[in-house]
Amino acid sequence: MVALAVLLIIVGIVLLLLGVFVQAVKFLLWVGIIILVIGLIAALMRFIRRQT
């Protein structure tokens, strides 16, 4: 689960940067934001489960 969250965050950041620098693939910006949010939610869920 840890590797999946880290992988989602890395992919989200890469797609976010591609979406910012390449205007032709503007949808990658939104895909990157969505994947980044999913990765952060997964990391928070793991952190909350570990606390209880």
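Relevant structure appears above.
Because the structure is predicted, anything quoted here is derived from the model rather than measured.

Cut-offs and rules
Residues numbered from 1 in each chain as written. Predicted model: local features only at pLDDT ≥ 70, side-chain atom pairs only at ≥ 80, totals over all residues. Heavy atoms only, no water. Helix = DSSP H or I, 4+ residues; strand = E, 2+ residues; numbered from the N terminus. Buried < 20%, exposed > 50% of the residue type's maximum accessible area, 1.4 Å probe, protein only. Areas by Shrake-Rupley, 256 points an atom, 1.4 Å probe, with all protein chains shown as cover.

Engineer: Teacher, can you tell me more about the overall build of the protein here?
Structural biologist: Scanning the protein from terminus to terminus reveals two helices and zero strands. Per-residue burial over the protein gives 21% buried out of 52 residues. A total accessible area of about 3900 Å² is found for the protein, and carbon and sulfur atoms account for 83% of it.

Engineer: Honestly, the environment of Leu 17 in this entry has me stumped. Any pointers?
Structural biologist: With respect to the secondary-structure elements, Leu 17 resides in helix α1 (residues 2–21). The exposure class assigned to Leu 17 is partly exposed, which follows from its relative accessible area of 44%. In this structure, the C-alpha to C-alpha distance between Leu 17 and Gly 32, residues 15 residues apart in sequence, is 8.1 Å.

Engineer: For this particular structure, what's the right way to read the environment of Val 14?
Structural biologist: Structurally, the position occupied by Val 14 is in helix α1. In this structure Val 14 comes out as partly exposed when scored by relative accessible area, which is 44%. Placed 22 residues apart in sequence, Val 14 and Leu 36 show a C-alpha to C-alpha distance of 9.7 Å.

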